[in-house]
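Listed below are the residues making up each chain.
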Amino acid sequence: MIALEALAQDALTEIFNIGVGIAADALYQMVGEHVPLSVPVIELTSQHEAKKHYLDREPRQLCAIRQTYEGEFDTDAILMFAQESSLDLVRMMAGNDLPEEELAEMAQDAMAELGNIILNAVISNLASSLKMSLEGTLPVVGVISSDTVFISHAGEQAAGQEAAPVLALTIDFELTAKRVRGYLVFLLDEPSTSKLIERLGHYINGTTA
């Protein structure tokens, strides 16, 4: 398993924190309300350990927004919230005056838009900072359980993927005296992880690839 050294961990935290700040500004432009987002807690771990983490902390159903990015490294990015928290986020985006049934009807589109804002802000800043080219698909929204976070679109988890790398972020959203915890994971393979760490080395040293 590839590990992050302290300098690489700090550099990723800095890069992702800037991306989260860009996302917060974009949310403010959309909803007219400041949505403070915490500095992300970052961990490079395995699918096995990440699954255990989510089962321990989030046994509930999760609303997941998923996008695939390809380029100098490939990753599936999955932004997740506890399902009951997703309506709080939809209400933030749509306004507090909408009745519950209308909120439910627009939930999928609103969560796709939210995921698109956050994922693209984070990924775009990562790609810009590390001078990498990445292209993303449109977001796909679904409800999943913690033990199926890493199941593929085909409905299967490839053999041996339990040890595959996962870059996991935890971000807190402050919504009018209510805290919503979001989880952002990047599913990687060993070559993509090596490329990411190589680019981080160039970023830390101020050199180009």
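Preceding block: the structure.
What you are looking at is a predicted structure, and each value in this text was computed from that prediction instead of being measured.

Draft legend 1. Here's a closer look at the pattern of salt bridges. Counted by the stated rule, this structure contains five salt bridges. The salt bridge partner of Glu-72 is Arg-199, with a shortest N-O separation of 2.4 Å. Taken as a pair, Glu-72 in the loop between β2 (62-71) and β3 (75-82) and Arg-199 in helix α5 (residues 190-205) lie far apart in primary sequence, 127 residues in all. Looking at Arg-199, the relative accessible area reads 11%, which means it is buried. Of the charged contacts in the structure, one is a salt bridge between Lys-195 and Glu-198, with a shortest N-O distance of 3.9 Å. Taken together, the residues Lys-195 and Glu-198, both in helix α5 and three residues apart, mark about one turn of the helix.

Draft legend 2. Layout of unusual backbone geometry. You will see that Lys-131, though not glycine, has its phi angle at about 55°, which is positive. If you trace the backbone, Lys-131 turns up in the loop between α4 (100-129) and β4 (134-136). Here Lys-131 falls in the exposed class, since its relative accessible area comes to 56%.

Draft legend 3. Region of interest: the nonpolar core. In this structure, Phe-16, Phe-81, Met-111, Leu-114, Leu-167, Phe-186 and Leu-200 are the most contacted members of the largest nonpolar core, which totals 54 residues. No other element matches the 14 residues that α4 contributes to this core. Sequence-distant contacts of Phe-81, that is, excluding residues within four places in its chain, are made with Gln-61, Leu-62, Cys-63, Ile-65, Leu-89, Met-111, Leu-114, Phe-173, Val-180, Arg-181 and Gly-182. Residues Ala-50, Ala-64, Phe-150 and Tyr-183 belong to the second largest nonpolar core, which totals 14 residues.

Draft legend 4. Representation of α5 in the model. The terminal C-alpha atoms of α5 lie 23 Å apart, and with 16 residues this matches the ideal 22 Å at 1.5 Å per residue to within 8%. Within α5 the residues assigned to the buried category are Ser-192, Thr-193, Leu-196, Arg-199 and Leu-200. One face of α5 carries all of its buried residues, which in axial projection span an arc of 130°. Of the residues in α5, the exposed ones pointing more than 90 degrees away from the buried face are Pro-191 and Asn-205. Two or three places before Ser-192, at the start of α5, stands the capping residue Asp-189, its side-chain oxygen 2.8 Å from that residue's backbone nitrogen. Following α5 by one or two positions, Gly-206 adopts a phi angle in the positive range, close to 70°.

Draft legend 5. Geometry of the pairing of β3. Burial of β3 is extensive: eight of the eight residues sit out of reach of the surface. Here β3 shows a buried face lined by Thr-75, Ala-77, Leu-79 and Phe-81 and a second buried face lined by Asp-76, Ile-78, Met-80 and Ala-82. Bridging between β2 and β3 involves eight bridges; their strand directions are antiparallel. Pairing of Ile-65 across the sheet is with Leu-79, part of β3.

Draft legend 6. Layout of the side chain of Ser-129. Relative to the helices and strands, Ser-129 is located in helix α4. The buried category is assigned to Ser-129, whose relative accessible area is 18%. Within the local environment of Ser-129, its side chain forms a polar contact with the backbone oxygen of Asn-125, the two atoms lying 2.8 Å apart. Ignoring any residue separated from it by four or fewer positions in sequence, one finds Ser-129 in contact with Ile-15 and Tyr-203.

Draft legend 7. Main features of a negative patch on the surface. Residues Glu-70, Asp-74, Asp-189 and Glu-190 make up a contiguous surface patch of negative charge. In this fold, Asp-189 is placed in the loop between β7 (178-187) and α5.

Basis of the calculations
- Residues numbered from 1 in each chain as written.
- Predicted model: local features only at pLDDT ≥ 70, side-chain atom pairs only at ≥ 80, totals over all residues.
- Heavy atoms only, no water.
- Salt bridge = Lys/Arg side-chain N within 4 Å of Asp/Glu carboxyl O.
- Helix = DSSP H or I, 4+ residues; strand = E, 2+ residues; numbered from the N terminus.
- Buried < 20%, exposed > 50% of the residue type's maximum accessible area, 1.4 Å probe, protein only.
- Core = buried A, V, L, I, M, F, W, Y, C linked by side-chain atoms within 4.5 Å.
- Contact = heavy atoms within 4.5 Å.
- Expected span 1.5 Å × (residues − 1).
- Arc of directions from axis to C-beta.
- Polar contact = N/O pair within 3.5 Å; in protein donor to acceptor, adjacent residues only side chain to side chain.
- Pairing = 2+ DSSP bridges.
- Patch = residues over 30% accessible without salt bridge, like charges linked within 9 Å, V, L, I, M, F, W, Y side chains within 5 Å.
- Areas by Shrake-Rupley, 256 points an atom, 1.4 Å probe, with all protein chains shown as cover.
- Lys, Arg positive; Asp, Glu negative; His and termini not counted.
- Charge placed at Lys NZ, Arg CZ, Asp CG, Glu CD.

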